[in-house]
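The chain contents come next:
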Amino acid sequence: MSELPDAKIPTQAQAVWRNGAFGLGLAIICFVLFSTYGKSLAPWAFSFPKTQTFPVARWISQFTKWLINDATFGLFTFTDLTRFIAAVIDLPYQIALSLFATGFMSGPGSSAVQLLPPISWIAVIAIVGLMGFYIGGRRLALVVASCFVFIAVFGQWTSAMVTLASILVAVPLGIAGGLFLGIGAYRWKWLERALLPLLDLMQTIPVFAYLVPILFLFGFGATAAVVATLIYAMPPMTRVTMLALQRVMPEVRDLGNMIGCTRRQMMWRVLLPSAKESLMVGVNQVIMLSLNMVIIASMIGAGGLGFDVLAALRRLDFGAGLEAGLAIVALAIALDRLSQAFAGSSAATGNRSSRGLIARHPYLAASFLVVIVSGFLGLAFPAVQSYPEMLQISTGTFWSQVVKWINVNFFDALEAFKNTLLLNILIPFKRLLLGLPWAGVVVFLAISGWLLRGPKLALLTGALSFLIAATGQWEKAMITVYLCGISVLFAALIGIPIAIMAAERDRLWGWVRLAIDTLQTLPSFVYLMPAVMLFRVGDFTAMIAVVAYSVAPAIRYTVLGIQGVDPRLVEAGRAMGCTNLQLLTRIKLKLALPEVLLGLNQTIMFALSMLVITALVGTRDLGQEVYIALTKADPGRGLVAGLAVAFIAIIADRLISAGAFRARARLGLQEGAQ
Amino acid sequence: MKAIHRSTTRFVAGLAASAIALAAGAFSATAQESTDPIKLTLHDWTGQLITTQLMGEVLKKAGYNIEYVQADYLAQFAGLQTGDLSVAMEMWETTGRDAMDAATATGKVENFGATGMKAKEEWWYPSYMKEKCPGLPNWKALKEASCAEAFSTAETAPKGRYLGGPVTWGGFDDERAEALDLPFEVIHAGTDAALFAELESAYQRKAPILLWIYAPHWAPAKYEGEWVEFPEYSADCYNDPAWGSNADMAYDCGKPFGEIWKVGWSGVKDKWPGAHKAIKAFTINNDEMGAMITSVDLDGKKVDEVVAEWIGANESRWMKWIAK
């Protein structure tokens, strides 16, 4: 950070930018020349010598074996410790599960007797409705309640409640964990330094890669699923906490000091409350990412909606898969809107406690009343306890028929379209990437790092890309880059125009937001299998899945950027007689560039996180490698491939952030930079 | 908000206390041997659900506690080794052998013997393809250029396209195509679901397709078609290159019939000796299973109903499994 030029003097910044561009151009020319003519000169630079690769996979396998079987703290072993943690997590989970799904049981396994039924569907809907009304008024109450009614009507209730139980355990743990790590990192610089690379890895290593060790350490079942969810969903909360605390206005901090806050008071009474709104972004991400894990969690014993989706698609019952998938979306939307409104409402009304206890009691009392009354009524009328099967709706074979109709009537057209794209864009790009010399790419990445930020970044990008080659993953990594690269390109081409259209039309933006929320939480399996029917297995189908998932951040961040443009600047542009197109290209997009780049960054992260799923339609990339390792229960192989994915993500992230920093500097938006 | 917080904490604490009380009361339940539930794993295909629930219901009749746990086919081995899971009722020789061997090698997982079902896996085509390639089901028909052409797509032409199983299933199809000199390109589906999605798609359009199908499964019952007849499998064919039509390469034959194994945690034997015996004794054959899968997947019956029917009709058989 210190090696950056002082960007406040625009001429100097521009000069550095120009030099950088020149250097980059030179590097590209050298690189192209080498990759075309270098093969006979230095064959080792094109494929990494097999005898020289590091056997990292074996080391990791041995280490995990030791960790599971032999690691000990004297009094107890490492496995004892993790099993203890699992038991601690299991208790709230069992309570939530009993409360919502199974009822309280006495006795083990199948001979158990139900002592208390679970909370009835009517009561759950009433409670979430009341919560919505309390936090955000009638509109929110209606939205949240109808999400749950949707779940009941489509017959997904029991599964949805199982999923909800695990979410209700994972989300608070994720929020608390992220908050504490974030506070710790804010307080102690060394922790921040240690944490940042770890967070990158946690977010980018595919879950399958560390699933096997987790199953051994935490036991098979919902607890292991919660742990895996935590690893995946906690980093954004940690990051947001760190950032939010740093961004608290210095005046607020001074005020705290002036009135003599202790360190603890400063954190809990001053800093955190004033950062509340930013923190809620983290909460939202924890919820979304936890629901993302539902499918994988169901593979390791969590059951619930994820299992229904998998089972339905195995029978090619698209309708049932879609219904279970949409139930996940409904849960996500309900939880998200509630948490969003919660942040908004308490920030707006400020000090509530002055209204006294009685003013708040009606809601709580009403909730309890509904639970108890519906519980008793449920004993007499089963329909009150669980939604009557007769009134359930199902789309039945409708969706399968739709897919069939498209398949029979439009397959040839789709096939022609697919082949055009495949033959003209995808395959040439794949060949190009696979033909590149690894040594050249490593050097090129290092030079780009140097030019964009300095020697430190050069070392990082160079070393990470070298490690990918040195562990024998180069070819698979290149296929990964090809698949993600092309998907990110399409996601940007689709997402950015949509974002430009939606950014200034509130109505449209509301619909677009609903659509991207759905895309982000609907399990990709739901549309992956129909896509296989129409486009066969292979790269193209995988690309569709990746684009569908990663288009969301491209839209979200671009909209954020455009909406954040200072209206005075737009006004000024208009006064100077800019046309609408000029306003867009010369002012809005230019000023929104840092956000667009951040969106691009997130698009890449999302694309990489879909790799494991695309392996399920027959791609041959690092995702496939991770998947194979899972099936062979080989933790070393999986983690090495997972780390390679993480390295690609980190290289892309660092280079783009450095680019974004420069863009900001050039636009004089320095204060927005980290 | 704080008041709500406090009261919910109290509420949850109360619940926790009652949950602990419940758990403590559980030990008074009476059954033979250990009263802990035997955990049987459920996967995501119908046949396995039926097999597992048959076993589970029989064990229930014998007075054991049963718990069904949804688990991934291969990820479950981690649970079986630690005893978190007890029994997995279907481990296919053809797709699960590597993982099973790795697990049994640790000594923590035991092979409970064969289920009696045999997995058939082979190259398969829908009947309407016979018109375009009349020599079928004999594998030699596939060698002809016109046949390969009939099975080709834009990406593979003039070679034919064969859709193999996920790479994790093994199966040596790449080697087979090469050893038998078949003008086919082997494409691997990523999952079982993708495999059948392609078949469904092609079948709806009466389009050409040649792919890996296995039984017992609902697909051979739903779609009309045949298996390609390769030279019959023998162990020599896979191990000895000299065997068969290609003197220089192994795998110049069809696929073996695979056993479907029952596996489980090795602690089952000591904890529930009677159940261990019953699980080992469990057998069922392909035809019975095929009929049950069909009535679930194609006739829309519930797994519970089908299982209950079987239990009702075969009392003499399962009584022997749990006899003392």
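What counts as what
- Residue indices begin from 1 for each chain and proceed along its sequence in written order.
- By the order in which they are written, chains take letters starting at A while ligands take numbers starting at 1.
- Only residues with pLDDT of at least 70 get local features here, since the model is predicted, and only at 80 or more are side-chain atom pairs given and counted; chain-wide, interface and lining totals rely on the full set of residues.
- Here, a nonpolar core denotes buried Ala, Val, Leu, Ile, Met, Phe, Trp, Tyr and Cys residues that are linked to one another through C-beta atoms within 7 Å.
- Around each residue's C-beta, the other C-beta atoms within 10 Å are counted; 20 or more make the residue buried, 12 or fewer make it exposed, and counts in between make it partly exposed. All C-beta atoms are placed from the backbone.
- Each helix is a run of H or I in the DSSP string that is no shorter than four residues. Each strand is a run of E no shorter than two, and both are numbered from the N terminus.
- Once C-beta atoms are placed from the backbone, any two residues with those atoms within 7 Å are in contact.
- Per-residue confidence from the predictor is reported as pLDDT, which spans 0 to 100.
- Polar here means any residue outside two lists: the nonpolar Ala, Val, Leu, Ile, Met, Phe, Trp, Tyr, Cys and Pro, and the charged Asp, Glu, Lys and Arg; Gly therefore counts as polar.
- These domain boundaries are the output of an automatic or database domain assignment.
- Seen with its strands pointing away from the viewer, a crossover is right-handed if its path from the first strand over the helix to the second goes clockwise.
- Helices are assigned an expected span. That span is 1.5 Å times one less than the residue count.
- What is called the bend at a residue is the angle between a pair of axes, fitted to the seven residues leading up to and ending at it and to the seven starting from it.

### Quick word on the nonpolar core
Residue and element names in this part refer to chain A.
- Among the nonpolar cores identified, the biggest contains 306 residues, and L211, A228, I300 and M529 are the most heavily contacted of them.
- Examining the composition of this core, we find that 18 residues originate from one element, helix 4 (residues 121-153), more than from any other.
- Look past the residues within four positions of A228 in its chain and what remains in contact with it is V207, L211, I214, M293, I296 and A297.

### Notes on the confidence of the model for chain A
Residue and element names in this part refer to chain A.
- Considering every residue of chain A, the mean pLDDT works out to 83; 92% of them sit at 70 or more.
- For residues 1-10, every residue scores under 50 in pLDDT, and the model assigns this stretch 10 contacts once sequence neighbours within four places are set aside.
- For residues 347-352, every residue scores under 50 in pLDDT, and the model assigns this stretch two contacts once sequence neighbours within four places are set aside.

### Some words on the interface of chain A and chain B
- Chain A puts 53 residues into the contact, and the matching count from chain B is 55 residues.
- Breaking the side of chain A that touches chain B down by element, the ones donating at least two residues are helix 3 (78-102), strand 1 (104-106), helix 7 (207-218), helix 12 (294-299), helix 13 (305-314), helix 17 (398-435), helix 22 (525-535) and helix 27 (622-631) of chain A.
- Taken together, the residues of the side of chain A that touches chain B break down into 31 nonpolar, 16 polar and six charged.

### Comments concerning the domain arrangement of chain B
Residue and element names in this part refer to chain B.
- Here chain B is described as being made up of domain 1 (31-116 + 259-322) and domain 2 (119-239).
- Measuring from the centre of the C-alpha atoms in domain 1 to the corresponding centre in domain 2 gives 31 Å.
- Only helix 2 (46-61), helix 4 (93-105) and helix 13 (286-297) provide two or more residues apiece to the side of domain 1 that touches domain 2.
- Considering every element that reaches the side of domain 1 that touches domain 2, the biggest residue donor is helix 13, with six residues.

### Considerations on the pairing of strand 5 (residues 160-164) of chain B
Residue and element names in this part refer to chain B.
- Taken across its five residues, strand 5 has five buried, putting it largely inside the fold.
- Taking every second residue as pointing to the same face, both faces of strand 5 are buried, with G160, Y162 and G164 on one and R161 and L163 on the other.
- At this point the chain moves from strand 5, through helix 7 (residues 173-179), to the parallel strand 6 (residues 184-188), and the crossover so formed is right-handed.

### Describing helix 8 (residues 222-246) of chain A
Residue and element names in this part refer to chain A.
- Compared with an ideal rise of 1.5 Å per residue, which puts 25 residues at 36 Å, helix 8 spans 36 Å between its outermost C-alpha atoms and is within 8% of the ideal.
- By the largest-angle criterion, A233 marks the main kink of helix 8, which is about 35°, and a proline, P235, follows within four residues.
- Among the 25 residues that make up helix 8, 22 are buried, leaving the element largely enclosed by the rest of the structure.

### Regarding unusual backbone geometry
Residues and elements named next belong to chain B.
- The omega angle of the peptide bond from L136 to P137 is 10°, so this bond is cis rather than trans.
- Looking at the secondary structure, you find P137 in the loop between helix 5 (129-132) and helix 6 (145-150).
- A cis amide bond links A215 to the next residue, P216, at an omega of 0°.
- As for its placement among the helices and strands, P216 is situated in the loop between strand 7 (211-215) and helix 9 (219-222).
- We note that K206 has phi near 55°; this positive angle belongs to a residue other than glycine.
- Within the element layout of this structure, K206 appears in the loop between helix 8 (192-205) and strand 7.
- Despite not being glycine, Y251 has its phi angle at roughly 65°, a positive value.

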